[in-house]
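Structural overview for review
Chain by chain, the residues run as shown.
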Amino acid sequence: MITAMNKEIIPDNWYNVVPDLPEPLAPPRDSKSDISSINLLNKILPKEVLKQEFTFKRYEKIPDEVMEAYEQIGRPTPLIRAKNLEKKLGYSGKIYYKYEGATATGSHKINTAIPQAYYAMKEGVKGVTTETGAGQWGSATALAASLYGLPSQIFMVKISFEQKPLRKTVMNLYNGNVVASPSTLTAYGRKILKEHPDTPGTLGIGISEAVEYALDNDYRYMVASVMNVSLTHQSVIGQETKKQLELIGEHADVLIGCVGGGSNFGGFTFPFIPDGDDTEIIATTANEVPKFSKGDYKYDLMDSAGILPQVRMYSLGADFVPPTIYAGGLRYHGASPSLSLLINKGRIKSDEVTEEEVKEALRTFANTQGIIAAPESGHAIASAIKYVKAHINEKKTIVVNVSGHGYLDLSIFGEKK
Amino acid sequence: MKNLIPYFTLGYPDNETLSHFLDLIPVDKINYIEFGFPSNDPRYDGPVIRKTHNVGNINFSDDFYKKYFDYFHKNHVKMYSLSYYSDIKARFDDFIDYLQKRNFSGIIIPDLIIDYYSEGKEIINKLNDRGFEYIPFFSPSTPDSIIKNVSSMTKSWIYYGLQPSTGIDIPYELDYTTERINELLPGREITYGFGIKTDDDIRNLMKNGGSGVAIGTYLIKMTEAGDENGFIDYINKMRGVLDE
Ligand SMILES: Cc1ncc(COP(=O)(O)O)c(C=O)c1O
């Protein structure tokens, strides 16, 4: 059941959770003693993006041009009741999913790529650059840049670059330039290649390369996740969900999403934070990247080269090289400061799921609902299935964010079980 | 009189130079002064002021500055200490005793509600009981509810840092900033700090109901450069702008 699909569902404003947090967010800190990495952001980010990063404004008006672009790439996305899944699990409650896979690039990433590329274009910069893990963010960046006539340079984590050649084709179709990271395009990439020629790459290395590339070429860096501004832009997901639930007279008892850097999760759940505590919120990570259970809540680097400021977050350490898991988008060592604070204060709970649970959940979801979800999103689905099994006789309404589709990740099902 | 609050880190660039600049201050042009007690970890300061703490830590001596504390006190300039809780928590009561003995009026603690939120209430109550002003320090990332709660526990003026840390320059909407804080704290004295340099900065803040400004990085750079005339002119000029 597609509950609502009209323009009025898209919110007029982005929502920023910072003024509604239960405690002050620790400010970013310089990573080096002699220079200000915070001031450096002036050279890396479009001015408007930087302003939104540090704003305490609860609502920021979505520019008309961005609104138009949101409609063009398929917003609002559907909120669908997963009746077949409910039946299969024998659940007495209801399960809904918000489907970000229905956007043009196939994931939520386009929600923040569009405004960032738009502001970059308005400021007349030469081009944009970024890192990408599984390729979803790179695809969104390439398309958004192309829509605004900007070239894009994308650093794709080497292991994903090798495992997902079709992603490169997609980014090239969107006019993006893609290299495997670490690359020879930057000093930092060359250094890593010399010291660790066999490294699979990490998002931290990719960020470092993109930031260096932006500084050297008068490009602007596109923020995939972690930083507040990307979560703010993603709030279209949660605000649409709220409105869609309202239209069908439902109340969300439980919200579940997956966490890489926290952008789809924050965007999906934070708009519910001001409503009080009666919605349970669960953030799911990969078992292999257990940032909330094994990471420390501390100041840490966002990028491994330490060009960007440090932020206080749950982190496994910027040097953490995660196993080369099937869900590239979840390999990041930390999580957004606002999300980390809400987890630390107990407002948001965390969960971890294993690769086996995720594959099983993706299969179940495919053969009940027909949706082939991204491996990252599979974590949210697996977590929801766990939740349902643990509360099988309760009549709760669970809403899961399915952050993307998995058509370019099918190789994880290579061998039939 | 609107507040003009010069900020200095004690012991920077060195004791002699700083004392020389303190002598130059026209005391009738300022009503408050803020002294940074050198911190081992000035975590929420930008590079310029961070450096002043590192140097100040080596140079600071109470013997040296005692006469200046007396001097400002006699001239009716209220003194406020800027101290990080991480530095003073182990000897908190002794440190407040010391500040009171030196005739300080109050204290600004930038890391208290960020890093020690759970202890904040008790510390503020303790300072209230001792009749020592706790100056709430807020920044753009302080949530609305915290601004209201912490302010309601105190009666003094508020220190609002316009930037996420000292000496940095992130674009922001000035009108929106002042509107928000005025709405959250109607009628309260708000003094703005961080990144204020020009007379236009000050004019805009005052036009929007500000009760004063604190100036740090900019003055510190003048003491570093030994720019005595620039220093006096600047203070006189800013006083003029505040009095407009
Ligand atoms: C489909 C999908 N979901 C989730 C994520 C995780 O990122 P975030 O936590 O920022 O949403 C990614 C990242 O690449 C992704 O591609």
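Treat the numbers as computed from the prediction; the structure is a model and nothing was measured. (Residues numbered from 1 in each chain as written. Chains lettered and ligands numbered in written order. Predicted model: local features only at pLDDT ≥ 70, side-chain atom pairs only at ≥ 80, totals over all residues. Heavy atoms only, no water.)

What to know about the interface of chain A and chain B
The interface of chain A with chain B comprises 29 residues on the first partner and 30 residues on the second. Both faces considered, chain A and chain B share a buried interface measuring about 2,500 Å² in area, 59% of it formed by carbon and sulfur atoms. When residues of chain A are sorted by the area they lose upon contact with chain B, Pro 24, Lys 51 and Phe 56 of chain A head the list and together hold 26% of the total. On inspection of chain A and its partner chain B, the count reaches 6 salt bridges. Listed by contribution, the elements that provide at least two residues to the side of chain A that touches chain B are helix H1 (37-44) and helix H2 (47-53) of chain A. Partitioning the side of chain A that touches chain B into residue classes produces 15 nonpolar, 4 polar and 10 charged. (Contact = heavy atoms within 4.5 Å. Buried area = accessible area lost by both parts, 1.4 Å probe. Salt bridge = Lys/Arg side-chain N within 4 Å of Asp/Glu carboxyl O. Helix = DSSP H or I, 4+ residues; strand = E, 2+ residues; numbered from the N terminus. Nonpolar A, V, L, I, M, F, W, Y, C, P; charged D, E, K, R; others polar.)

Some remarks on the environment of Asn 42 of chain A
Here Asn 42 of chain A shows up in helix H1. Along the sequence, Asn 42 of chain A and Arg 220 of chain A sit 178 residues apart, while their C-alpha atoms lie 9.8 Å from each other. Leave out the neighbours within four places in its chain, and Asn 42 of chain A touches Leu 50 of chain A together with Asp 169 and Pro 171 of chain B.

Points about the UniProt feature "modified residue: N6-(pyridoxal phosphate)lysine" (unreviewed entry) in chain A
Residue and element names in this part refer to chain A. Those places that UniProt annotates as "modified residue: N6-(pyridoxal phosphate)lysine" (unreviewed entry) correspond, in this numbering, to Lys 109. Note on placement: Lys 109 falls in the loop between strand S4 (94-99) and helix H5 (110-122). Looking at Lys 109, the relative accessible area reads 16%, which means it is buried. (UniProt positions renumbered as here; feature names shortened; annotations may be inferred. Buried < 20%, exposed > 50% of the residue type's maximum accessible area, 1.4 Å probe, protein only.)

Focus on the site of the ligand
Residues and elements named next belong to chain A. Neighbouring the ligand are 17 residues, the closest being Ser 225, Gly 260, Ser 263, Asn 264 and Ser 403. Take His 108: an N or O atom from its side chain is 3.0 Å from an oxygen atom of the ligand. Measuring from an oxygen atom of the ligand, one finds a side-chain N or O atom of Ser 263 at 2.7 Å. Notes on the ligand: free accessible area 390 Å², of which the protein chains cover 97%. Among the residues making up the shell around the ligand, the classes are represented as 4 nonpolar, 11 polar and 2 charged. (Near = heavy atom within 4 Å. Polar contact = N/O pair within 3.5 Å; in protein donor to acceptor, adjacent residues only side chain to side chain. Areas by Shrake-Rupley, 256 points an atom, 1.4 Å probe, with all protein chains shown as cover.)

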